[in-house]
Amino acid sequence: MLSDYFLLAINSISHRKLRSWLTVIGIIIGIAAIISLITISRGLQNTITEQFEQFGTNRILISAKGFQGPGTSSFGLTIKDVDTVKRISGFKYVIASLFRQSEIKHNKEVGFTLISAIPAENYEQFAKDSGLDVVKGRVINSNDKFSAVIGSRVAREMFKRELKIGDKIEIQKKEFKIIGIWKETGNPDTDNRISVTLESAREIFNEPERVDAIIAQAKSGSDIPLLQKKIEHDLERKRDDTNFQVLTAAQIVEQINQVLGIVQIVLVGIAAISLIVGAIGILNSMYTSVLERTRDIGIMKAIGARNSDILKIFLIESGLMGLVGGFFGTALGTGMAFIAKNFAKNAGFSLIIKIEPLLLLFGLLFAFTVGILSGIFPAYQASRLKPVDALRYE
């Protein structure tokens, strides 16, 4: 019996192909928008998580309150704070770092990018612990001063001619020799930066005391939460204020994911508007179908069809339109996410997009549910028609 209902529903849809497809397009657009936005936002979360795994689970970041990462300004930390953290046992090393946006010159051409600086003697170990490697040249060592290791995109795109090992660039009117090029990571923060020694950065930016961030690498097997509390206690006691923040990699990822979660909800809410439009389209199409098939309904009732039979036929029909829209919508949404991945790659940003079967199943079931809900009123109206009135309908 159920198969007969499906055949009647399919036959009805096939007899009004244009109207059915125009109705289904609204569902396709809505589902595609929702699936693509969720997939892209999950991709961002995957990318951020992977990058902070490279950052290191044993690493603690200390910065002034309000510091949002490399390239932003912060005030409050000094080399005295670095010394305070260094006195705490349990760390492999403690590094002071500076970040500055600066003008870069090469052969009369001018560029602009981020300059990052840590002590020369820490570069090799820090790069190893961060999963960074040079594709050409070498990493900065303790004998270097006015030397630089540049990101892959800096080398390729900043100037007309690609920068090579041995080339000279000018930062803050001081000449630096390129000794290495970082291997491309897909992280624009790394691929677009220039790394120099902390000593040279302090000189060219006239920052003898200031520190933007302190990176503390804990020894293997250390109790990270305990070290975090120890840093907070000692800094507060020494500074006599709380104008700083102490974060682990896990906490940073959690904060970013919370923000992404809110953004995801807002974007999906916006995308749902088009799904509502699609639902109204199904409602209108089903209502029109009831009017067109009033005599058919009367005939079916006259030969013994019950109200529940008529209700099921029209609900299956609306559900099928929702399901078809969901199928094409999930396919389109997934395709859009992979297109976004390619655009991100061309822009120098790595986006980890994964096909999630549960998300695709959600898209199909959600579209089917929307279709069913949209068809309830027209189906109920059709089921309540009296056979005599339906047969007299012109």
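As a starting point, this report considers the structure included with it. Small disclaimer: the values here were computed from a predicted structure and weren't measured. (Residues numbered from 1 in each chain as written. Predicted model: local features only at pLDDT ≥ 70, side-chain atom pairs only at ≥ 80, totals over all residues. Heavy atoms only, no water.)

## Here's the deal with the overall build of the protein chain
Part 1: In terms of helices and strands, the protein chain carries 13 helices and 12 strands.
Part 2: Counting all 394 residues of the protein chain, 48% fall into the buried class.
Part 3: Here the analysis covers contacts within the protein chain between residues at least 6 apart in sequence; of these, 81% occur between residues at least 24 apart.
Part 4: With the model as given, the accessible surface of the protein chain reaches about 20300 Å², and the carbon-plus-sulfur share is 59%. (Helix = DSSP H or I, 4+ residues; strand = E, 2+ residues; numbered from the N terminus. Buried < 20%, exposed > 50% of the residue type's maximum accessible area, 1.4 Å probe, protein only. Contact = heavy atoms within 4.5 Å. Areas by Shrake-Rupley, 256 points an atom, 1.4 Å probe, with all protein chains shown as cover.)

## Re the pairing of strand β8 (residues 174-182)
Part 1: When strand β5 (residues 134-137) meets β8, the two strands line up antiparallel, connected through 3 bridges. When the bridges of β8 are listed, K136 appears paired with I181.
Part 2: Looking at chain direction, strand β6 (residues 147-150) and β8 are connected through 4 bridges and run parallel. Residue pairing for β8: A148 is matched across the bridge by I178.
Part 3: Relative to β8, strand β7 (residues 168-171) runs antiparallel, the two sharing 4 bridges. Residue pairing in the sheet places I169 in a bridge with F176 of β8.
Part 4: Turn length for the β7-β8 hairpin, with the two strands adjacent in sequence and antiparallel, is 2 residues, and the turn residue Q172 shows positive phi of about 50°. (Pairing = 2+ DSSP bridges.)

## A few points about the packing of helix α11 (residues 307-346) against helix α12 (residues 357-383)
Part 1: Their axes nearest at 6 Å, the elements α11 and α12 cross at an angle of 150°. One finds that α11 runs roughly antiparallel with respect to α12. Relative to α12, the crossing made by α11 is right-handed. (Axes fitted to C-alpha atoms, helices over the stretch in contact; angles between N-to-C directions. Parallel < 35°, antiparallel > 145°, perpendicular 65-115°, else oblique. Left-handed = near helix turned anticlockwise from the far one by under 90°.)

## Focus on helix α7 (residues 198-205)
Part 1: Of all 8 residues that make up α7, 6 are buried, and the element is covered over most of its length.
Part 2: For α7, the full list of buried residues reads L198, S200, A201, R202, I204 and F205.

## Some words on the nonpolar core
Part 1: Residues I62, F91, I171 and I194 are the most contacted members of the largest nonpolar core, which totals 42 residues.
Part 2: Ranked by the residues each element gives to this core, the list is headed by strand β3 (residues 91-106), at 5 residues.
Part 3: Sequence-distant contacts of I171, that is, excluding residues within four places in its chain, are made with S102, E103, I104, I115, F176, I194, V196, I204 and F205.
Part 4: In terms of nonpolar packing, the next biggest core, distinct from the first, is built from 24 residues, A279, L359, A367 and A379 among them. (Core = buried A, V, L, I, M, F, W, Y, C linked by side-chain atoms within 4.5 Å.)

## Focus: the pairing of strand β4 (residues 109-118)
Part 1: In terms of burial, β4 is largely enclosed, as 7 of its 10 residues are buried.
Part 2: Note: β3 against β4, 9 bridges, orientation antiparallel. Across the sheet, residue Q101 finds its bridge partner in β4, namely L114.
Part 3: Adjacent in sequence and paired antiparallel, β3 and β4 are bridged by 2 residues, among which N107 carries a positive phi angle near 50°.
Part 4: Bridge count between β4 and strand β9 (residues 193-197): 5 bridges; the pairing is parallel. Within the sheet, the bridge partner assigned to L114 lies in β9 and is R193.

## Notes on unusual backbone geometry
Part 1: The backbone of K108 shows a phi angle near 70°, a positive value even though the residue is not glycine.
Part 2: For K108, the location among the structural elements is in the loop between β3 and β4.
Part 3: With a phi angle near 65°, K173 is a residue other than glycine that sits in the positive phi range.
Part 4: Mapped onto the fold, K173 is located in the loop between β7 and β8.

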